[in-house]
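Residues per chain, in single letters:
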Amino acid sequence: LLEMSYERAPYDADSIYDIYLMKYSNNVYGFNLPDPSGSSNQDEESGKSSHLRIDNDFTGQSAGSDISALDIMRITLVHEYFHAVQRGYKPNYLTTDTYFLEMSSMWLEAVMIPNGNDYLDITWIDDLLNSPTKPFNSLPGYQFALFGHYLSSFIDPNGVEDSKKSTIMLEIWDQYKQGGTALNAVQHVLDGDKYPLFIECWTDFISRNLYNGIDESFYYYSDQAFIDPILTNPQDFEDLEKITLQLDDESIAIKSFYIDTIDTLF
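Note that the coordinates shown come from a computational prediction; the quantities given were computed from them, not determined experimentally. Numbering of residues starts from 1 in every chain and runs along the sequence as written. Local features in this predicted model are restricted to residues of pLDDT 70 or higher, and side-chain atom pairs are both shown and tallied only at a pLDDT of 80 or more, whereas totals for entire chains, interfaces and linings draw on every residue. Working from all heavy atoms in the structure, the side-chain values ignore hydrogens and water.

(A) Focus on the overall build of the protein chain. On a plain count of helices and strands, the protein chain comes out with eight helices and five strands. By definition, any uninterrupted DSSP run of H or I lasting at least four residues is a helix, any uninterrupted run of E lasting at least two residues is a strand, and each is numbered from the N terminus. Of the regular secondary structure in the protein chain, the N- to C-terminal order runs β-β-β-α-α-α-α-α-α-α-α-β-β. For the protein chain, restricting intrachain contacts to residue pairs at least 6 apart in sequence, the fraction spanning at least 24 positions comes to 61%. The method behind every accessible area is Shrake-Rupley, applied with a 1.4 Å probe, and residues are considered shielded solely by the protein chains displayed. As displayed, the protein chain has an accessible area near 14300 Å², and 50% of this comes from carbon and sulfur atoms. Computing the positive centroid from 15 side-chain charges and the negative centroid from 43, the protein chain places the two 6 Å apart. Only heavy atoms enter the contact rule, under which two residues are in contact if any of them lie within 4.5 Å. Asp and Glu are treated as the negative residues and Lys and Arg as the positive ones, with His and the ends of the chain left uncounted. By convention, the charge on Lys lies at NZ, on Arg at CZ, on Asp at CG and on Glu at CD.

(B) Molecular detail of helix H7 (residues 182–190). Buried residues dominate H7, accounting for seven of its nine residues. Of the positions making up H7, those classed as buried are Ala182, Leu183, Ala185, Val186, Gln187, Val189 and Leu190. Structurally, H7 contributes buried residues whose contacts are with helix H3 (98–112), helix H5 (145–155), helix H6 (168–177) and helix H8 (198–208). Each residue is assigned to one of three classes by its accessible area relative to the maximum for its type, calculated with a 1.4 Å probe on protein chains only: buried under 20%, partly exposed between the two thresholds, exposed over 50%.

(C) Structural view of the nonpolar core. Among the buried residues, those of types Ala, Val, Leu, Ile, Met, Phe, Trp, Tyr and Cys that are joined through side-chain atoms within 4.5 Å form a nonpolar core. Counting residues in hydrophobic clusters, the biggest one holds 61 residues, and the most contacted among them are Tyr6, Phe100, Phe136, Phe147, Leu151, Trp202 and Phe205. Contributions of two or more residues to this core are made by strand E3 (50–55), helix H2 (69–89), H3, helix H4 (122–130), H5, H6, H7 and H8. In terms of residue count, the dominant contributor to this core is H3 (nine residues). Residue contacts for Leu151: discarding those within four places in its chain leaves Asp156, Ile168, Met169, Ile172 and Leu190.

(D) Just H2, in detail. Expected helix span is taken as 1.5 Å per residue step, with the number of steps being one fewer than the number of residues. The end-to-end C-alpha distance of H2, which contains 21 residues, comes to 31 Å, matching closely the 30 Å that a straight helix rising 1.5 Å per residue would cover. Among the 21 residues of H2, 15 are classified as buried, and the element is accordingly described as predominantly covered.

(E) Structural view of the packing of aromatic side chains. Pairing of aromatic rings covers Phe, Tyr and the six-membered ring of Trp, with a centre-to-centre limit of 6.5 Å; geometry is then stacked below 30 degrees between planes, edge-to-face above 60, and tilted otherwise. Inspection of the entire model under this criterion finds 26 aromatic pairs. For the pair Tyr211 and Phe218, a centre-to-centre distance of 3.9 Å together with 10° between the ring planes defines the contact as stacked. You can call Tyr211 partly exposed: its relative accessible area is 30%. On the basis of relative accessible area, Phe218 is assigned to the partly exposed category, the value being 31%. Site record: aromatic cluster; members linked through ring pairs are Tyr99, Phe136, Phe144, Phe147, Tyr150, Phe154, Phe198, Trp202, Phe205 and Tyr220. Directly above the ring of Tyr89 sits Lys177, whose terminal nitrogen or CZ lies 5.5 Å from the centroid. In this scheme, the term charge over a ring applies when either NZ of a lysine or CZ of an arginine sits within 6 Å of the ring centre and within 35 degrees of the ring normal.

(F) Quick peek at the sheet that holds E3. Any two strands between which DSSP finds at least two bridges are classified as paired. With respect to topology, three strands assemble into an open sheet ordered E1-E3-E2, the strand pairing being mixed. Either end of the sheet is taken by a strand with one partner, and the two such strands are strand E1 (19–22) and strand E2 (30–34). Ignoring which end each strand starts from, the neighbouring axes of this sheet average 20° apart. Here four bridges tie E1 to E3, and the two strands are oriented parallel to one another. What sits directly across from Tyr20, in E3, is Arg53. Whenever a helix is involved, its axis is fitted only over the stretch in contact; in every case the axis is a line through C-alpha atoms, and angles between N-to-C directions fall within 0 to 180 degrees.

(G) Highlighting a nonpolar patch on the surface. A grouping of Phe237, Ile243, Leu245, Leu247 and Ile259 is seen on the molecular surface, where their side chains present a nonpolar patch of about 490 Å² in accessible area. Inspection of the secondary structure assignment puts Phe237 in the loop between strand E4 (235–236) and strand E5 (257–258). Exposure remark for Phe237: the relative accessible area of 38% places this residue in the partly exposed category. In this analysis, a patch consists of residues with relative accessible area above 30% that form no salt bridge, clustered at 9 Å for like charges and at 5 Å for the nonpolar side chains Val, Leu, Ile, Met, Phe, Trp and Tyr. Salt bridge criterion: a side-chain nitrogen from Lys or Arg within 4 Å of a carboxyl oxygen from Asp or Glu.

(H) Broad picture of the pattern of salt bridges. Here the structure, examined in full by the defined rule, presents four salt bridges. With a closest N to O distance of 3.0 Å, Lys194 and Glu171 form a salt bridge. Of the two residues, Lys194 is situated in the loop between H7 and H8 and Glu171 in helix H6; the sequence distance between them amounts to 23 residues.

(I) Focus on the confidence of the model for the protein chain. Scored between 0 and 100, pLDDT is the confidence that the predictor attaches to each residue. Put simply, the protein chain has an average pLDDT of 87, and 91% of its residues get 70 or more. When the elements of the protein chain are averaged for pLDDT, H4 gives the smallest value, 72, and H6 the largest, 98.

(J) Representation of the environment of Thr244 in the model. Here Thr244 is to be found in the loop between E4 and E5. When its relative accessible area of 46% is taken as the criterion, Thr244 is described as partly exposed. Residues Thr244 and Tyr150 lie 94 residues apart in sequence; the distance between their C-alpha atoms is 29 Å.

Have a look at this one:
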């Protein structure tokens, strides 16, 4: 993370970041937790310090998956430690911005551990695939890792060959640190003079997910080959069809039609 120019996670009084091994159930990987206020471990200067609690072997989490226990441990450390870094940028984040924190950590997992694609778990990306017209900031954050990859390896020219060299997510976090909501930060960076407008990126991102597993010429990231296309609800196209779209600058609108037969086409 330091090589990617992110700030170091706030640490406690002994300057060592603490990681505790726990015995968790099979569906629990680990947690990032703030150090208790007033404790000897707390960073007294900023109050932002935290620690990790992770499972002690990950064998149960790995069972039945194609990801090794070692890789699950690695992605858990990356994910939860990035939450620790985030506390330094935004210690008092809004609960409505949690989606962005999770998006960022899930995105970083795949950047750091390419073989640990747990973020593609269908239970985590269903909301995006099945409800693509929801506003950007109304979906849970796990599936937003895909948008992170879209930004870092497709929109940001620095990351086309290597996502670790991308700076766009760091730019968004630096802006988020200044104040406002996560959506404000994303819009501010994308609506500047370096990248396409936010709503253009969001519309293009959703549109390209229509071709997941179908046509790689539309891919923004190779992992699209492993997931289904987003769900549309096509309607019969009648002889005369009026199309009404509800448009705003935070979501997209999709209308899908199919034609049973065509006798004459003008």
